[in-house]
Amino acid sequence: MAADLLDVHGLLFKRQQYKEADILAKLWTKELGIVTVIAKGGMRPKSQLAAAVLPFTEGTFGILTRYKGISQLWTYKKLSQHDELFTDLDKNAYLSYLFDLADHAFSEYQKLGGYYDLLLVAFNRIVAGQDPEIIAQIVQLQLLDAFGVAPQLGACVICGKEKGIFDYSIAAGGVVCSDHFRSVSRLHLSPKATALIRTLALLPISRLGEIQIGEDLKKESRRAIAQIYQATVDLHLPSLRFLNEVRGS
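Residues numbered from 1 in each chain as written. Predicted model: local features only at pLDDT ≥ 70, side-chain atom pairs only at ≥ 80, totals over all residues. Heavy atoms only, no water.

What counts, and what does not: UniProt positions are given in the numbering used here, feature names are shortened, and annotations may be inferred rather than shown by experiment.
The name an unreviewed UniProt entry gives the protein is DNA repair protein RecO, with Lactobacillus leichmannii as the organism. Regarding the protein, the UniProt comment filed under Function (unreviewed entry) reads as follows: "Involved in DNA repair and RecF pathway recombination." As stated in UniProt under Sequence similarities (unreviewed entry), the record for the protein gives "Belongs to the RecO family."

Structure (structure tokens):
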């Protein structure tokens, strides 16, 4: 199969040295999904590709691709880089985890659909200084569908009630109303934490306004989301361990 030279738009979210002077990098792209590219000679100081393979570089990447395996980074244009992420450990840890998580939700060259914008909006909002914990929880909850384990959050799993007091049941696969608290295993969340999880999972991230949520409530919803992931996805990501160390949890 002949290779095509194609411009793709997106974000470089991961890189590693390959052999002596090459770099392997992962791109989050609108056109092709997740793509691994090789930047030949990218480690050399005078490499013309060195600027394009810095972590969290946004732009247009010219790649030579066969739509499978490793593509080759050929050129680039209109790059946008975020030098502050090299020194801001909190932002770096959150972003590294979110893209690592998304990387496990999709196969390479799988179209991302609305998830492309979900991660890019999350990236830009974290860079801009919005609450990274809440943005991370939005991404985590909305990626559950990409993993094939989307919970039912719009209404009670058992009776379909949409309003009232709710808790989350991992066994039932979503929220249950207070009418069924005695009949199912549940997380025993506060009503506020359950309401927060429902809101974050169903809210388009582009509509997220100013965030003012108490630390105790955020920690409660974070623990619940961690339990949901452990029971349904069960990933063991070094990026999450690092994030937990950074945020002291």
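## Overview of the side chain of threonine 36
The condition that has to hold: Under the scheme used here, helices are H or I runs from DSSP no shorter than 4 residues and strands are E runs no shorter than 2 residues, and both carry numbers assigned from the N terminus. Each residue is assigned to one of three classes by its accessible area relative to the maximum for its type, calculated with a 1.4 Å probe on protein chains only: buried under 20%, partly exposed between the two thresholds, exposed over 50%. A 3.5 Å cut-off defines polar contacts: any pair of N or O atoms within that distance qualifies, except that in protein one atom must be a possible hydrogen donor and the other a possible acceptor, and neighbouring residues in sequence count only when both atoms are side-chain atoms. Note on contacts: a residue pair is in contact if any heavy atoms of the two residues lie within 4.5 Å.
Relative to the elements of secondary structure, threonine 36 occurs in strand 3 (residues 33-39). Under the relative-accessibility criterion, threonine 36 is labelled buried at 10%. Within the structure, the side chain of threonine 36 is placed 2.4 Å from the side chain of glutamate 108, a separation counted as a polar contact. Leaving out residues up to four positions away in the same chain, threonine 36 has contacts with Leu24, Ala25, Lys26, Gly69, Ile70, Ser71, Glu108 and Tyr109.

## Regarding the packing of helix 3 (residues 132-143) against helix 4 (residues 191-202)
Packed helix pairs are characterised by how far apart their axes lie and by the angle those axes make with each other. Our working rule: Axis definition: a line fitted to C-alpha atoms, limited for helices to the stretch in contact. Angles are taken between N-to-C directions and run from 0 to 180 degrees. Under this scheme an angle from 65 to 115 degrees is roughly perpendicular, one under 35 degrees roughly parallel, and one over 145 degrees roughly antiparallel; angles in between are oblique. When residues are grouped by polarity, Ala, Val, Leu, Ile, Met, Phe, Trp, Tyr, Cys and Pro land in nonpolar, Asp, Glu, Lys and Arg in charged, and all others, Gly among them, in polar.
One can describe the packing of helix 3 onto helix 4 by two numbers: an axis separation of 8 Å at closest approach and a directional angle of 70°. It follows from the interaxial angle that helix 3 and helix 4 lie roughly perpendicular. Between helix 3, through Ile134, Gln137, Ile138, Leu141 and Gln142, and helix 4, the contact on the second element is made entirely by Ile197, Leu200, Ala201 and Leu202. Taken together, the residues of the contact of helix 3 with helix 4 sort by class into seven nonpolar, two polar and no charged.

## Quick look at the packing of aromatic side chains
Here is the rule we go by: Aromatic contacts are taken between Phe, Tyr and Trp rings whose centres are within 6.5 Å, Trp giving its six-membered ring; a plane angle under 30 degrees counts as stacked, one over 60 as edge-to-face, and the others as tilted.
Evaluated as defined, the whole model comprises seven aromatic pairs. A ring pair is formed by tryptophan 28 and phenylalanine 106, whose centres lie 6.2 Å apart and whose planes are at 75°; its orientation type is edge-to-face. Placement of the pair is tryptophan 28 in strand 2 (residues 22-29) and phenylalanine 106 in the loop between helix 1 (89-105) and helix 2 (114-128), with a sequence separation of 78 residues. Given the relative accessible area of 0%, tryptophan 28 is considered buried. A residue is classified by how much of its surface remains accessible, and phenylalanine 106, at 9% relative accessible area, is buried. Between phenylalanine 99 and phenylalanine 123, the aromatic rings sit 6.4 Å apart at their centres with planes inclined by 75°, giving edge-to-face as the arrangement. With a gap of 24 residues between them, phenylalanine 99 in helix 1 and phenylalanine 123 in helix 2 connect regions that are remote in the sequence. When its relative accessible area of 1% is taken as the criterion, phenylalanine 99 is described as buried.

## What to know about the environment of glycine 164
By secondary structure assignment, the location of glycine 164 is in the loop between helix 3 and strand 6 (166-169). Judged by relative accessible area, which is 59%, glycine 164 ranks as exposed. Measuring from C-alpha to C-alpha, the distance between glycine 164 and aspartate 179 comes to 9.4 Å, with 15 residues separating the pair along the chain.

## Things to note about the pattern of salt bridges
Any two side chains of opposite charge can pair, on the condition that their charged atoms come close. So the rule is basically this: Whenever Lys or Arg places a side-chain nitrogen within 4 Å of a carboxyl oxygen from Asp or Glu, that contact is recorded as a salt bridge.
Scanning all chains against the criterion turns up eleven salt bridges. Aspartate 7 is the salt-bridge partner of lysine 77, the closest N and O atoms lying 3.4 Å from each other. Of this pair, lysine 77 sits in strand 5 (residues 71-80) while aspartate 7 sits in strand 1 (residues 4-18); the two residues are 70 residues apart in sequence, bridging distant segments of the chain. When its relative accessible area of 35% is taken as the criterion, aspartate 7 is described as partly exposed. Beyond isolated ion pairs, a larger network of salt bridges with shared partners links Lys14, Lys26, Asp100, Asp103 and Glu108.

## A few points about the layout of surface pockets
Take a probe with the size of a water molecule and roll it over the atoms, and the empty space left behind shows itself. What counts is decided by this rule: Points on a 1 Å grid over protein atoms alone make up a cavity when a 1.4 Å probe fits among them but cannot get out, and a pocket when they form an open set with protein on both sides within 12 Å along at least five of seven lines; lining residues each have an atom within 4 Å of a point. Grid points are joined across faces, edges and corners, and a volume is the space filled by probe spheres set on the points.
In this structure, the largest pocket encloses a volume near 450 Å³. As for the largest pocket, its lining consists of 20 residues, and the residues nearest its centre are Ala226, Tyr229, Leu235, Leu240 and Asn244. Elements with a contribution of two residues or more to the lining of the largest pocket: helix 1, helix 3, helix 5 (215-232) and helix 6 (238-247). Ranked by residues supplied to the lining of the largest pocket, first place goes to helix 5 with seven residues.

## A closer look at the sheet that holds strand 2
The pairing of strands in a sheet comes from backbone hydrogen bonds and takes either a parallel or an antiparallel form. Short version of the rule: Strand pairing requires that DSSP identify at least two bridges connecting the strands.
Taken in spatial order, the five strands line up as 1-2-3-5-4 and close into a barrel, and their pairing is mixed. The average angle at which neighbouring strand axes cross in this sheet is 50°, direction not considered. With eight bridges connecting them, strand 1 and strand 2 associate as antiparallel partners. Bridging from a neighbouring strand, glutamine 17 pairs with isoleucine 23 of strand 2. Set on the sheet, helix 1 makes contact with strand 1, strand 2 and strand 3; between it and strand 1 the angle comes to about 115°. Sheet contacts for helix 2: strand 1, strand 2 and strand 4 (57-65); angle to strand 2, the most-contacted strand, approximately 110°.

## Description of the nonpolar core
Selection criterion: Here, the term nonpolar core denotes a set of buried Ala, Val, Leu, Ile, Met, Phe, Trp, Tyr and Cys residues that are joined through side-chain atoms within 4.5 Å.
By size, the foremost hydrophobic cluster in this structure holds 60 residues, and its most contacted members are Trp28, Phe56, Phe99, Phe106, Leu119, Phe123 and Leu143. Listed by contribution, the elements that provide at least two residues to this core are strand 1, helix 1, helix 2, helix 3, strand 6, strand 7 (174-177), helix 4 and helix 5. Grouped together as the second largest cluster of nonpolar side chains are 16 residues, Ala25, Leu27, Val37 and Val53 included.

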